[in-house]
Amino acid sequence: QVTFMETGGGLVQPGGSLTLTCESSLGDFYRWRMGWYRQAPGNRRELVASIGPGHTEKYSDFARGRFTISRDKLAVWLQMSSLKPEDTAVYYCNTDPETSSWWGQGTQVTVSS
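Residues numbered from 1 in each chain as written. Predicted model: local features only at pLDDT ≥ 70, side-chain atom pairs only at ≥ 80, totals over all residues. Heavy atoms only, no water.

**Q** Before we move on, could you go through the side chain of Thr 107 and cite the residues and values that matter?
**A** Take Thr 107: it is sitting in strand 10 (residues 107–111). Looking at Thr 107, its side chain comes within polar contact range of the main-chain nitrogen of Gly 9, at 3.0 Å. Excluding anything up to four places from it in sequence, Thr 107 contacts Glu 6, Thr 7, Gly 8, Gly 9, Leu 20, Ala 89, Val 90 and Tyr 91. (Helix = DSSP H or I, 4+ residues; strand = E, 2+ residues; numbered from the N terminus. Polar contact = N/O pair within 3.5 Å; in protein donor to acceptor, adjacent residues only side chain to side chain. Contact = heavy atoms within 4.5 Å.)

**Q** Quick one: what's the story with the state of the cysteines, residue by residue and with numbers?
**A** Applying the stated criterion across every chain, the model contains 1 disulfide. Shown here is the disulfide that connects Cys 22 with Cys 93, its sulfur atoms set 2.0 Å apart. Looking along the S-S bond of the Cys 22-Cys 93 disulfide, the torsion reads about 75°, which is the right-handed sense. Residue Cys 22 is found in strand 3 (residues 18–24), and its partner Cys 93 is found in strand 9 (residues 89–95); the two are separated by 71 residues along the sequence. Like Cys 22, the residue Cys 93 is buried in the burial classification. (Disulfide = S-S within 2.5 Å. Buried < 20%, exposed > 50% of the residue type's maximum accessible area, 1.4 Å probe, protein only.)

Okay, structure coming up:
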């Protein structure tokens, strides 16, 4: 059993920036492709971005150009810039494709003035 721990969320004004951090309970991401997901109230959980073990990156249309995903042996990060109110959501990390039993608690990102 693996759990992921997300940190770095908070309240930020529109146009601001945040960096989220994901760590594994095993202290390693092995050869998994890792993704950042988000879920806003009333919405389905959606993939924001993902990164492979060889550092190949994929982005959703809403994230491309504003967000950057990165990783090393110990953590997966999501750098978010030019944040908009519609980015408000709970952000989670998990494998891509997701492993259903591995969801953590997520970290809340609120974009508001």
